[in-house]
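Single-letter residue listing:
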Protein chains: 2
Amino acid sequence: LQNTVSNLTPLAAGAEFDKIRSIWRVLGARAVGGGDDCAIVRVGDEQIAVSTDMALEGTHFREGWLTPAEIGWRATAAALSDLAAVAAEPRGVLVSLALSPEWHDDFVGELMDGVGEVAASVGAKVWGGDVVRGERLTIDVAVVGSVTNPVLRSTAGPGDRLWVTGRLGGPLAAVESWEAGQQPEETARERFARPEPRIEQAFWLRDHDAKALIDVSDGLLSDAGQLAAASSVSCAIEASTVPWHPAVTNETTALLSGEEFELLVALPHDSDADLSDRFVERFGLELTCVGRIEAGSGVALLRDGESAELPQGFRHF
Amino acid sequence: LQNTVSNLTPLAAGAEFDKIRSIWRVLGARAVGGGDDCAIVRVGDEQIAVSTDMALEGTHFREGWLTPAEIGWRATAAALSDLAAVAAEPRGVLVSLALSPEWHDDFVGELMDGVGEVAASVGAKVWGGDVVRGERLTIDVAVVGSVTNPVLRSTAGPGDRLWVTGRLGGPLAAVESWEAGQQPEETARERFARPEPRIEQAFWLRDHDAKALIDVSDGLLSDAGQLAAASSVSCAIEASTVPWHPAVTNETTALLSGEEFELLVALPHDSDADLSDRFVERFGLELTCVGRIEAGSGVALLRDGESAELPQGFRHF
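To keep things clear, this report deals only with the structure shown in the data block. (Residues numbered from 1 in each chain as written. Chains lettered and ligands numbered in written order. Predicted model: local features only at pLDDT ≥ 70, side-chain atom pairs only at ≥ 80, totals over all residues. Heavy atoms only, no water.)

## Thoughts on the relation of the copies chain B and chain A
What relates the two chain copies is a rotation about an axis together with a slide along it.
In step 1: Superposition record for chain B on chain A: RMSD 0.0 Å, screw rotation 180°, translation along axis 0.0 Å. Such a combination of rotation and displacement between the chain copies is what one expects of a two-fold axis.
In step 2: A share of 100% of the interface residues of chain B reappears at the interface of chain A, consistent with the copies meeting face to face through the same patch. (Least-squares fit on C-alpha atoms with pLDDT ≥ 70 in both. Contact = heavy atoms within 4.5 Å.)

## Concerning the interface of chain B and chain A
In step 1: Counting residues at the interface gives 58 residues for chain B, matched by 58 residues for chain A.
In step 2: Of the roughly 5,000 Å² buried between chain B and chain A, counting both surfaces, carbon and sulfur atoms make up 63%.
In step 3: Contact with chain A buries area across many residues of chain B, yet R30, M54 and W127 of chain B alone supply 14% of it, more than any other trio.
In step 4: The shortest N-O distance in the salt bridge between R136 of chain B and E135 of chain A comes to 3.5 Å.
In step 5: Taken together, the elements giving at least two residues each to the side of chain B that touches chain A come down to α1 (15-27), β1 (39-43), β2 (46-56), β3 (89-99), α3 (105-121), β4 (125-133) and β5 (138-146) of chain B.
In step 6: A total of nine residues in the side of chain B that touches chain A trace back to one element, the largest contributor, which is β4 of chain B.
In step 7: Here the side of chain B that touches chain A is built from residues that sort into 27 nonpolar, 14 polar and 17 charged. (Buried area = accessible area lost by both parts, 1.4 Å probe. Salt bridge = Lys/Arg side-chain N within 4 Å of Asp/Glu carboxyl O. Helix = DSSP H or I, 4+ residues; strand = E, 2+ residues; numbered from the N terminus. Nonpolar A, V, L, I, M, F, W, Y, C, P; charged D, E, K, R; others polar.)

## Some details on helix α5 (residues 186-193) of chain A
In step 1: Along α5 of chain A, the positions that sit buried rather than exposed are A188, R189, R191, F192 and A193 of chain A.
In step 2: Next to the buried residues of α5 of chain A lie α2 (68-84) and α4 (170-179) of chain A. (Buried < 20%, exposed > 50% of the residue type's maximum accessible area, 1.4 Å probe, protein only.)

## Topic: the sheet that holds β2 of chain B
Residue and element names in this part refer to chain B.
In step 1: Judged by pairing direction, the sheet is mixed, and its five strands sit side by side in the order β1-β2-β5-β3-β4 without closing on themselves. Where the open sheet ends on each side, the last strands, each with one partner, are β1 and β4. On average, each strand axis in the sheet is inclined to that of its neighbour by 20°, with strand direction left out of account.
In step 2: Relative to β5, β2 runs antiparallel, the two sharing nine bridges. When the bridges of β5 are listed, S51 appears paired with V143.
In step 3: The strands touched by helix α2 (residues 68-84) within the sheet are β2, β3 and β5, with β5 carrying the most contacts at an inclination of about 35°. (Pairing = 2+ DSSP bridges. Axes fitted to C-alpha atoms, helices over the stretch in contact; angles between N-to-C directions.)

## Topic: the packing of α2 of chain B against helix α5 (residues 186-193) of chain B
Residues and elements named next belong to chain B.
In step 1: For the pair α2 and α5, the least separation of the axes is 8 Å and the interaxial angle reads 60°. Between α2 and α5, the angle falls in the class oblique. Between α2, through E70, W73 and R74, and α5, the contact on the second element is made entirely by R189, F192 and A193.
In step 2: Within the contact of α2 with α5, the residues separate by chemical class into three nonpolar, no polar and three charged. (Parallel < 35°, antiparallel > 145°, perpendicular 65-115°, else oblique.)

## Describing the nonpolar core
In step 1: Grouped together as the largest cluster of nonpolar side chains are 90 residues, with contacts concentrated most on L111, M112, I139, L205 and L264 of chain B.
In step 2: The element best represented in this core is α2 of chain B, accounting for eight residues.
In step 3: Setting aside residues no more than four positions away along its own chain, I139 of chain B makes contact with D53, M54, A55, I71, G72, A75, V95, S96, L97, L111 and V115 of chain B.
In step 4: Within the second largest apolar cluster, 65 residues are counted, among which are V86, V93 and F279 of chain A together with L27 of chain B. (Core = buried A, V, L, I, M, F, W, Y, C linked by side-chain atoms within 4.5 Å.)

Set out below in structure tokens:
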């Protein structure tokens, strides 16, 4: 593989991605593997997928929202989800923590219990970490997986259908409740606090001819935009088909909610008619066709087949 | 390898290490590989070494001490030094950054240029990373290396001689100058700002029958204590033999200075007489015998062969 900057997977437009692009430009040939959810690199005879994900109290969650175990679970699940997004098998996690001196050892133990729990749920071990003194709670999780047949975000083609796992909007609904000073509805809160990395689901989709794969970390529309940019195609999403989490009361929440860690997958247009039923039967989780891949670029939102405005809150970061 | 918590390498006494011990206890069989500088784990047919190292402005360095490139270099060198400490070959680094909104893209580019430069100097690539919004500059670097014949810290035996690379105390001398409101002496500053991971030196020492290896990250006495605890031996260090960095004006600075990223190595008692000369010739860096391994536990400081007091500032964290 050994991609250099000259053949990086393209990212969608946006200031945040400009920053990442400028970093890769500075690094040049000193970097490999950028642009997908994981870098996929060869170490000796083995192909591994690696990624890292940092979360800060005050930026990614606020004090009082989560228990220590949930903070550890959520940060680790976010990093593991990057392995799901390329259909890699999780092997190990490394966890760096910055903690204020007031944090008791018990809290650290509970946080690491959450890390260990979600890692174990997908067959990964905790390989190590670092603990340093800081002011705001910061947790950075690096993950390593093995990957034989990765599914990238750059390999969708016109005619493919776009599917999404689960029901969207729960995490954003929970955040909106907290921000309004209310307790979130319990299942929405759970979606924010203890997201499940869709590892087994990614393997299943890979084995059912997935053409391209990405996880919903920035929001359905945003990540569809990444898949479109990487594959040099357009993603047309039919708004009425997007499955809402039960706590969601408006479409925009489902379209924009990030940190879902559900999978967005391009499957062949002629997938078996009972694909969705078999997925639900296997995982107790929905798999819903939400659109199709077309020639072109960017994301188009359709309403009953007609072109519709993208939501106001939709930012390309 | 797949060590579980039941056969972790022991750590020395101290509150900081109590915290790490309590984390490993919570994790139990969900963790592997703890207690050495790196976790050494098998992924498929390949044995890899992994570690992570987090640095915060205000905790590990202060505003104005370092250029952005030096911040990137130093944090990455610290993590790569953990690979040197087990004689692993660096392959890739993952870099997570928390940045305040005031940080210009240019600064981020310069920082990542420092990351890329030190990674390239030891044959590693930048595999990816994460950039998030924070208040204090935070950089976490995870490293992955290949390792065929690791040298651990737990395999020293009575009779071995203890050797150290380079000259100690430069980084602490630099910090002492900054803390006193002065500009550090230039070579001491360089030792703090751009430490060199001793990768090639570690391979050379491994190939010259190194019995046990650790890097000097917490200070000579402290890391000797870790090697002693891990190997169930005592480290006797003859104070008069410890090589001082030219900017160092007192013995305590050389004995306590951390983040040296020099190597402390146990070599057989009958190593060739010209070992040190050959090392200097090969690397332009000193290799000095500073003591010996004895039966017992802990660290003993000797002055002209007589037992001496450990410095006041010596804390087991």
